[in-house]
Amino acid sequence: MMRPRLLAIAMTAALAVPGLASAQTVKERELEARIAQLEAQVQALLTQQQQTATEVQEVRTAQAAPAAPAAPATVATVPAGSRPIQTTTLTPQANPGTTLTVGGMIRMDAFATHTTDGDIAKGTAGRDFYVPGAIPVGGDGPDTYMDAHMKFSRLWLDASTVLDSGDKLAARLEMDFFGGSLGNTAATNTYGATLRHAYVSWNNWLAGQTWSNFMDTGALLDAVDFVGPTDGIVFVRQPQLRYTNGPWTVSLESPETTVQPFGGAPRVITGDNSAIPDVIARYTHKADWGHFSVAGMARQLKYEPVVGADSTDTGYGLTASGLMKMGERTDLRYQLSGGDGIGRYIGLATINQDAMVDSDGNIDALGGWAGYVGLRHVFSDRVRGNVFYARSQWDNETAWTGFDVTRKVHSAHANLIWTPYPKLDLGVEAIWGERTLESGADGELLRLHTMARYTF
């Protein structure tokens, strides 16, 4: 192919140079041999080039080949020279487009407590936050003690999805460490994880455990104590089925009943749940000035001390609450609740019961009321303060309950909270509380509660 052309070029060159034409015959064979050698070298180069191109194509094909099927994932940009920690989605079993959010807080509580009638039993909830039903009455004199713990540190996971149809799905799992002790305060200070929230929602429906619909979380006070106005607050988390439509929310909730036995014995959490769930309906009006909310509840109370000998009664309750802005830096928060058979819903069910047992062994719904009011003021972008008062009072039938049950509890609080850095709160709260029995005997509590909390 190339040989005749090269030979012709060589012969032309030889004829053009004087003295070379006569040597053509002698040198022709040598020239042909040289040309053959050049042709072989060129062919080798072409073969090598073709082989290299084939290898490059194979590499490109392998790099472009799809990996094993996986859920779509968005991978954050990684700086040059570093390796990503996560290269695939955290939720491979979830619907495409699911967003997973992780959050929580690290919180330390430390406080000094003075009680006038003996101390609160160590290892009980009253040593971890303000529990008015735990204030000692008629004990062995005043006592002062200090406690500190990390039990209210918290972790939560949220998952949310908007489907192509426009339907919205969501779920939440949240826990803290307010469970039973797994260690001791002398050494490890370890505690068990406690389930707070676990629910799934789709569009306007919710199923699972979360705050009761009888509770207005938007009216909660900005307290340093874990709860704050425990004496008068509705504070319950429980399993429920809930439907929300605009300002209206209706729920069917767990129907547990707490009972004060005849003669004043310790309370009973019956476990004899009614076949009828607690029915709660709430209406909330929101405006630029804040919000106002009202909720009503109807429930069946049930107690079965002996199998086949159950007693029931009807309970009902009404609560009104809200938040009213008073300028740009001040707001008023309040709640007032009342009814028969609502004891379990007030003050973490630590103050009084849903029902009393009469002399015939039947239960009667216990009446009472509870409420709080508080003022919050923001002094600056980093400092805010709160003052509030809470109270509840109960209509015990002393011929059935005796005189050692709680007739009323109330408390006053004042706090300051400093936020030196975003999401970091340092707070201090002064608390005075009093518990009075039907006998007229009472006991007081004074506490200085401090808190450090970082939310992420």
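Structure: see above.
Once a new chain begins, its residue numbering starts again from 1 and follows that chain's sequence as written. In view of the model being predicted, local features appear only for residues whose pLDDT reaches at least 70, and side-chain atom pairs are presented and counted only at 80 or more, with totals across whole chains, interfaces and linings using the full set of residues. Side-chain measures here rest on the full set of heavy atoms in the structure, leaving out hydrogens and waters.

Our focus in this paragraph is unusual backbone geometry. Of note in the backbone geometry, N203 takes a positive phi value of approximately 50° without being a glycine. Secondary structure elements follow DSSP: runs of H or I no shorter than four residues count as helices, runs of E no shorter than two count as strands, and numbering proceeds from the N terminus. Along the polypeptide, N203 turns up in the loop between β5 (194-202) and β6 (205-211). In this structure, A349 takes a positive phi of about 60° despite not being glycine. Mapped onto the fold, A349 is located in the loop between β14 (330-340) and β15 (355-357).

Let us now look at the sheet that holds β15. Spatial strand order, β10-β9-β15-β16: four strands in an open sheet with mixed pairing. Whereas interior strands pair on both sides, the edge strands pair on one side only; in this sheet they are β10 (268-269) and β16 (363-365). For two strands to count as paired, DSSP must find a minimum of two bridges between them. In this sheet, β15 lies alongside strand β9 (residues 258-260) in parallel orientation, the contact comprising two bridges. Along β15, the bridge assignment pairs V259 with A355.

Note: strand β19 (residues 406-421) against strand β20 (residues 424-437), 13 bridges, orientation antiparallel. Within β20, the position partnered with H410 by the bridge is E434. Following β19, the chain reverses through two residues before pairing antiparallel with β20; K423 in that reversal takes a positive phi of roughly 75°. In this antiparallel pair of consecutive strands, β20 and strand β21 (residues 442-455), the connection spans four residues, and G440 shows a positive phi of 100°.

As a further point, take the nonpolar core. In this description, a nonpolar core means a group of buried Ala, Val, Leu, Ile, Met, Phe, Trp, Tyr and Cys residues linked to one another through side-chain atoms lying within 4.5 Å. Exposure classes here rest on a 1.4 Å probe applied to the protein chains alone. A residue is buried below 20% of its type maximum, exposed above 50%, and partly exposed in between. Residues F214, Y345 and I346 are the most contacted members of the largest nonpolar core, which totals 30 residues. Per element, the largest residue contribution to this core is three residues, and it comes from strand β18 (residues 383-394). Whether two residues are in contact is decided by their heavy atoms: any pair within 4.5 Å suffices. Leave out the neighbours within four places in its chain, and I346 touches D231, I233, V234, S337, I351, A370 and W394. Core analysis: the next-biggest nonpolar cluster, separate from the first, contains seven residues, V259, L301, Y303 and V357 among them.

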